[in-house]
Amino acid sequence: MHFNVGAIKVDPPVLLAPMEDVTNAAFRGIAKRIAKPGLMFTEFVSAMAIRHGAKKTLKKMAVAESERPLGIQIFGGEPDVMAETARLCEEMGADLVDINMGCWVPKVCKTGSGAALLKDPETAAKIVKAVVDAVSVPVTVKVRAGWTYDLFAAPGLAKRFQDAGAKMLTLHARFAKQGFEGTADWTLIEQLREAVSVPLIGNGDIRAPEDAIRMMRETGCDGVMVGRAAISNPWRLRQIVNAVAGRTIGDEPALRERIEVALEHLRKHIDFEMAHDPNRGETPAIRSLRGQIPIYIKGVPGAAALRGEIVRAESYDEIERRLLEFETDAARFAVS
């Protein structure tokens, strides 16, 4: 089972969502090795920040051969600036450029970007056309259902985006005003499926393998995008990939594997950050992952208490020591 985005084959049809401070290079490498999703995306990239030469933003666009196919997701409210950034994405090696029209957070929407474009369909369509005209790689768009509950804006917008040359659409089946509250309305994905002919990806509340199977069956979407369920849990993403591909779902990982991968994630992230800015040291990189590392052992007895220690840690050695001690304690508890 697969679909194509232009010349790009997406097999299996499970996508790792672009998530700020989550889908960095280190985590993408781990997700690719363990889960092997058909397509992944970078953290989202501010087109305006790129125009102003922001090094912190530019490093998000690094592409490794091992993680292909990879899309770079960009956001912005000005067609010419978005086109400029899209050209840079192509130069950096992106397999496709994805336009973010789904982010609902105020700092993004107040600039007229992200989900705010759902309220300005003319500008939204101009952005898609400008980006399509600027690059030779496929252009895709991720949208929310609409800005508020009173208007399901996605079908009308999607048709315009398709006409402008977009090769794939992803619908997060919530309205922007919902944020992540409530439940995603998958019937909206089904309705959008009837409105467009390009590949349509469903997003929202895919927490387990059975959710992915049910979404594809009920909505007719071509693939599913997994977001929050995959944070620090590439094994859950692997189970979803296996289910969609018709393979055995697989067992949950042992605590030892969880800890090893958590430490791998931390090491790779530190190495990546220091390669781009050797003068920063490891502490800023550690701070950026302190909320994610404890998720690797979520649900294990004692994990909640350990979280408080990890979020205050300032060095790799400190986190490694506490995780290995936790493993020893857990084994002793299991024996007793």
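Look a little higher up for the structure.
Residues numbered from 1 in each chain as written. Predicted model: local features only at pLDDT ≥ 70, side-chain atom pairs only at ≥ 80, totals over all residues. Heavy atoms only, no water.

Within the largest apolar cluster, 112 residues are counted, with the highest numbers of intra-cluster contacts made by Phe161 and Leu323. Those residues in contact with Leu323 that lie beyond four places of it in its chain are Ile259, Ala262, Leu263, Ile293, Ile297, Leu306 and Ile310. (Core = buried A, V, L, I, M, F, W, Y, C linked by side-chain atoms within 4.5 Å. Buried < 20%, exposed > 50% of the residue type's maximum accessible area, 1.4 Å probe, protein only. Contact = heavy atoms within 4.5 Å.)

What follows covers the environment of Arg33. Along the chain, Arg33 falls in helix α1 (residues 25-34). Assessed through its relative accessible area of 43%, Arg33 is described here as partly exposed. With 194 residues separating them in the primary sequence, Arg33 and Gly227 have C-alpha atoms 17 Å apart. Those residues in contact with Arg33 that sit more than four places away from it in its chain are Val261 and Glu264. (Helix = DSSP H or I, 4+ residues; strand = E, 2+ residues; numbered from the N terminus.)

Of all 5 residues in strand β9 (residues 168-172), 5 are buried; the element is thus mostly enclosed. Burial of β9 is two-sided: the residues Met168, Thr170 and His172 facing one way and the residues Leu169 and Leu171 facing the other way are all buried. Judged from the 5 bridges that link them, strand β8 (residues 139-144) and β9 form a sheet pairing that is parallel. The residue of β9 that forms the bridge with Arg144 is His172. Following the chain from β8 across helix α7 (residues 154-164) to the adjacent parallel β9, one finds a crossover that is right-handed. Bridge analysis of β9 against strand β10 (residues 200-203) gives 4 bridges, and the strand direction is parallel. (Pairing = 2+ DSSP bridges. Right-handed = clockwise from strand over helix to strand, strands pointing away.)

Take the environment of Ile50 next. Tracing the backbone through its elements, the reader meets Ile50 in helix α2 (residues 47-51). Counting along the chain gives 38 residues from Ile50 to Leu88, while the straight-line C-alpha distance between them is 9.1 Å. Beyond its immediate chain neighbours, meaning those up to four positions away, Ile50 contacts Val45, Thr57, Leu58, Met61, Thr85 and Leu88.

Assignment of secondary structure puts Arg214 in helix α9 (residues 209-219). Measuring from C-alpha to C-alpha, the distance between Arg214 and Trp186 comes to 9.9 Å, with 28 residues separating the pair along the chain.

Another aspect to go through is the pattern of salt bridges. Here the structure, examined in full by the defined rule, presents 24 salt bridges. Look at the salt bridges and you will find they share partners, linking Glu309, Arg321, Arg322 and Glu325 into a network. (Salt bridge = Lys/Arg side-chain N within 4 Å of Asp/Glu carboxyl O.)

Quick look at unusual backbone geometry now. Of note, the amide linkage connecting Asp11 to Pro12 takes the cis form, showing an omega dihedral of 5 degrees. Tracing the sequence through the fold places Pro12 in the loop between β2 (8-10) and β3 (14-16). Between Arg68 and Pro69 the backbone carries a cis peptide bond, its omega angle lying at -5 degrees. Tracing the sequence through the fold places Pro69 in the loop between α3 (55-58) and β6 (70-75). A positive phi angle is found at Ser232, which is not glycine, with a value near 55 degrees. If you trace the backbone, Ser232 turns up in the loop between β11 (223-226) and α10 (234-244). The class for Ser232 is buried, based on a relative accessible area of 0%.

Two elements in contact, α1 and helix α11 (residues 255-276), have axes separated by 8 Å at closest approach and are oriented at 140 degrees. Comparing the axis directions of α1 and α11 gives the class oblique. Along this stretch, α1 crosses α11, giving a crossing that reads as right-handed. Of the residues in α11, those in contact with Ala25, Ala26, Phe27, Ile30, Arg33 and Ile34 of α1 are Val261, Glu264, His265, Lys268, His269 and Phe272. (Axes fitted to C-alpha atoms, helices over the stretch in contact; angles between N-to-C directions. Parallel < 35°, antiparallel > 145°, perpendicular 65-115°, else oblique. Left-handed = near helix turned anticlockwise from the far one by under 90°.)

Moving on, we come to helix α4 (residues 79-92). Spanning 14 residues, α4 covers 20 Å between terminal C-alpha atoms, matching the ideal 20 Å at 1.5 Å per step. Of all the positions in α4, only Val81, Met82, Ala83, Thr85, Ala86 and Cys89 are classed as buried. For α4, the secondary structure elements touched by its buried residues are α2, β6, β7 (96-101) and α6 (121-134). Looking one or two places after α4, you find Gly93, whose phi comes out positive at around 105 degrees. (Expected span 1.5 Å × (residues − 1).)

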